[in-house]
Number of protein chains: 2
Amino acid sequence: MKARVTVTLKNGVLDPQGKAIEGALRSLGVEGVDSVRQGKMFEVELATSDPERAKTLLKEACERLLANTVVENYSIELL
Amino acid sequence: MKARVTVTLKNGVLDPQGKAIEGALRSLGVEGVDSVRQGKMFEVELATSDPERAKTLLKEACERLLANTVVENYSIELL
């Protein structure tokens with residue numbers, strides 16, 4: 001089964017990459033963007049077809065590798 | 001209004017970062033992950049509240065800065 005994991009910075013954590021994108025959009029003349037925050041997205045193909053097992057597996061993957069839970073949140077979405 | 005833009009590699013484009021994550025998960029003992037592809041995600045706060053205007057703006061931002069449309073697809077989701 002397929003799943004999508006998104007990892008975003010927690011509120012209050014500075015996002016220099018997002019700030020750089022805001023600045024770049026302004027220099028390109030794209031007006032009307034108030035703020036940008038960048039995150040990561042992972043499309044994962046799993047061997048299991050059991051949703052519970054899939055969630056447990058992805059939670060472990062996030063906690064141990066995909067997200068730095070000190071400064072990042074993650075969300076898991078089964079497709 | 002808020003929007004989420006996701007940028008993913010097109011099918012057939014090699015994703016070494018995704019492959020590295022697959023390998024790392026295996027070394028960590030997380031079994032059952034068949035494949036991983038990494039993408040980017042942008043949370044954008046827009047000045048406008050008109051959905052049509054927002055889509056046009058984000059499309060322009062994607063085409064000109066956020067995505068390399070030769071090798072990447074993007075999708076825009078208004079929240």
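Refer to the preceding data block for the structure.
The rules we used
- Residues numbered from 1 in each chain as written.
- Chains lettered and ligands numbered in written order.
- Predicted model: local features only at pLDDT ≥ 70, side-chain atom pairs only at ≥ 80, totals over all residues.
- Heavy atoms only, no water.
- Salt bridge = Lys/Arg side-chain N within 4 Å of Asp/Glu carboxyl O.
- Helix = DSSP H or I, 4+ residues; strand = E, 2+ residues; numbered from the N terminus.
- Buried < 20%, exposed > 50% of the residue type's maximum accessible area, 1.4 Å probe, protein only.
- 1 Å grid on protein atoms, 1.4 Å probe; cavity = no way out; pocket = protein on both sides within 12 Å on 5 of 7 lines; lining within 4 Å.
- Points joined across faces, edges and corners; volume = space filled by probe spheres on them.
- Nonpolar A, V, L, I, M, F, W, Y, C, P; charged D, E, K, R; others polar.
- Contact = heavy atoms within 4.5 Å.
- Polar contact = N/O pair within 3.5 Å; in protein donor to acceptor, adjacent residues only side chain to side chain.
- Pairing = 2+ DSSP bridges.

Colleague: Can you help me understand the pattern of salt bridges in this one?
Modeller: Opposite charge on two side chains makes pairing possible when the charged atoms of those side chains draw close. All names here are of chain A. The final tally for this structure, using the stated rule, is six salt bridges over all chains. The shortest N-O distance in the salt bridge between Lys19 and Glu22 comes to 3.6 Å. Taken together, the residues Lys19 and Glu22, both in helix H1 (residues 16–27) and three residues apart, mark about one turn of the helix. With a relative accessible area of 54%, Lys19 lands in the exposed category. Using a relative accessible area of 8% as the deciding quantity, one classes Glu22 as buried. We note a salt bridge from Arg64 to Glu60, for which the minimum N-O separation is 3.0 Å.

Colleague: Got a minute to help me understand empty space enclosed by the protein in this structure?
Modeller: Here the idea is plain: a probe the size of a water molecule rolls over the atoms and shows the empty space left. Counted under the stated rule, the structure contains one cavity of 30 Å³ or more. Considered as a void within the structure, the largest cavity measures approximately 30 Å³ in volume. Glu43(A), Thr8(B), Leu9(B), Asp15(B), Arg37(B), Gln38(B) and Gly39(B) together form the lining of the largest cavity. Sort the elements by how many residues they give to the lining of the largest cavity and strand S2 (residues 33–46) of chain B lands first, with three residues. For the lining of the largest cavity, a count of residues per class yields one nonpolar, three polar and three charged.

Colleague: Whenever I open this one, the interface of chain B and chain A confuses me. Can you help?
Modeller: How big an interface is tends to be expressed through the accessible area that disappears when the partners come together. Between chain B and chain A, the residue contacts involve 31 residues of the former and 31 residues of the latter. Taken together, the links from chain B to chain A amount to zero salt bridges. At the boundary of chain B and chain A, one finds 12 residue pairs in polar contact (both at pLDDT 80 or more). For the side of chain B that touches chain A, the elements supplying multiple residues, two or more each, are strand S1 (2–9), helix H1 (16–27), S2 and helix H2 (51–66) of chain B. The dominant element in the side of chain B that touches chain A, judged by the number of residues it contributes, is S2(B), at 14 residues. Pairing between strand S2 (residues 33–46) of chain A and S2(B): 13 bridges, direction antiparallel. Residue pairing for S2(B): Glu43(A) is matched across the bridge by Arg37(B).

Geometric descriptors of this kind do not, in isolation, establish any biological role.
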